[in-house]
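A closer look at the structure
Chain residues, written in single-letter form:
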Amino acid sequence: MAVSPDELKQRIEAGIPGTSADVTGDGAHFEAIVAGPAFTGLSRIAQHKLVYDVFGAELGDRIHALSIKITPMEAR
Amino acid sequence: MSDSASNPMREAIQSAISENPVILFMKGTPEAPACGFSARTVAILESLDQPFAAVNILPDPAIRQELSALSGWPTIPQLFVDGELVGGCDIVTEMFESGELQQVLGIEGETPAAVAPAAEPAPLSIENLL
């Protein structure tokens, strides 16, 4: 089943409370620009893992590649 | 956690990470990367004249499986410096652009030639370790 950028956006936003995601992609390779307070104070590794954990084993399989840019934000 | 005696692949990966100060797990080889993300990560290390060991994860799916189980990181490439996961292509690229990668590698503000170790570690394959 094809993956849409919109599905990824909704799942990131649902999976990490307070987050807003901007996802682009072609069905296999995606780029997500993700911002939210959940990332504040975390190492880069931990920030990316937070997003990876939303998708688990689908990464590298159903979602061939997901490139991530994180912007930590103040809690609103 | 599996018993390492019953999991030679994981043990081999752990040894490779411990024994090589800079090691990249990638798709393909530095000479012939098989994925754009692996290619970009290799290009960054090479632009810094940073010697690194490389492991091609493609020949055996168990390499990737055990590596990800070990590192908790789902994607390839994965760069380790001094036994620590630095990140994948996105993080390596960001850190290169900000100068943090050069810091982690200990080449900040010096000419690469001045800090290059005497011997460049030969690229290794996981088979060599088993």
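Each remark here, short or long, concerns the structure printed above.
So, here is what we can say about the structure in this document. (Residues numbered from 1 in each chain as written. Chains lettered and ligands numbered in written order. Predicted model: local features only at pLDDT ≥ 70, side-chain atom pairs only at ≥ 80, totals over all residues.)

1. Focus on the overall build of chain A
In terms of helices and strands, chain A carries two helices and three strands. Along chain A, helices (α) and strands (β) appear in the sequence α-β-β-α-β when read from the amino end. For 76 residues, the compact-globule formula gives about 11 Å, and the C-alpha radius of gyration of chain A, at 12 Å, lands near that figure. With respect to the three principal axes, the spread of C-alpha positions in chain A is 35 × 20 × 15 Å. Going through the 76 residues of chain A one by one, you find that 29% of them count as buried. (Helix = DSSP H or I, 4+ residues; strand = E, 2+ residues; numbered from the N terminus. Rg over C-alpha atoms; globule rule 2.2 N^0.38 Å. Buried ≥ 20, exposed ≤ 12 C-beta atoms within 10 Å, placed from the backbone.)

2. Details of the environment of B:Ile44
All names here are of chain B. The residue Ile-44 is located in helix H2 (residues 36-47) in this model. Put simply, Ile-44 and Val-104 are 60 residues apart on the chain and 14 Å apart in space, counted from C-alpha to C-alpha. Beyond its immediate stretch of four places on either side in the chain, Ile-44 contacts Val-92, Thr-93 and Phe-96. (Contact = placed C-beta atoms within 7 Å.)

3. Quick word on the interface of chain B and chain A
Each partner contributes residues to the interface: chain B has eight residues there, and chain A has eleven residues. Among the elements of the structure, strand S4 (84-87) and helix H4 (89-98) of chain B are those that each provide at least two residues to the side of chain B that touches chain A. Among the residues forming the side of chain B that touches chain A, the class breakdown is four nonpolar, three polar and one charged. (Nonpolar A, V, L, I, M, F, W, Y, C, P; charged D, E, K, R; others polar.)

4. Some words on the sheet that holds strand S3 (residues 78-81) of chain B
All names here are of chain B. Ordered in space as S2-S1-S3-S4, the four strands form an open sheet in which the pairing is mixed. What marks the edges here is a single partner per strand, and that holds for strand S2 (53-56) and S4. Across the sheet, the mean angle from the axis of one strand to that of its neighbour is 25 degrees, orientation sign disregarded. In this sheet, S3 lies alongside strand S1 (residues 22-26) in antiparallel orientation, the contact comprising four bridges. From the neighbouring strand, Val-22 faces S3, where its bridge partner is Val-81. (Pairing = 2+ DSSP bridges. Axes fitted to C-alpha atoms, helices over the stretch in contact; angles between N-to-C directions.)

5. Overview of the pairing of strand S3 (residues 65-72) of chain A
All names here are of chain A. In terms of strand pairing, strand S2 (residues 29-36) meets S3 through eight bridges, oriented parallel. When the bridges of S3 are listed, His-29 appears paired with Ala-65. On the question of chirality, the crossover connecting S2 to the parallel S3 by way of helix H2 (residues 44-55) is right-handed. (Right-handed = clockwise from strand over helix to strand, strands pointing away.)

6. Structural notes on the sheet that holds S2(A)
Residues and elements named next belong to chain A. Taken in spatial order, the three strands of this open sheet run S1-S2-S3, and their pairing is mixed. The open sheet has two edge strands with one neighbour each: strand S1 (20-25) and S3. Each strand axis lies, on average, 15 degrees off the axis of its neighbour in the sheet, ignoring direction. Bridge count between S1 and S2: six bridges; the pairing is antiparallel. Residue pairing across strands places Ser-20 opposite Ala-35, the latter belonging to S2. With respect to the sheet, helix H1 (residues 5-15) is in contact with S1 and S2, its orientation differing from that of S1 by roughly 155 degrees.

7. Overview of the packing of H2(B) against H4(B)
Between two packed helices, both the angle of their axes relative to each other and the distance between the axes serve to describe the pair. All names here are of chain B. One way to put it is that H2 packs onto H4 with a least axis distance of 9 Å and a crossing angle of 30 degrees. With respect to each other, H2 and H4 are oriented roughly parallel. Handedness of the crossing formed by H2 with H4: left-handed. In contact with Phe-37, Arg-40, Thr-41 and Ile-44 of H2, H4 contributes Cys-89, Val-92, Thr-93 and Phe-96. (Parallel < 35°, antiparallel > 145°, perpendicular 65-115°, else oblique. Left-handed = near helix turned anticlockwise from the far one by under 90°.)

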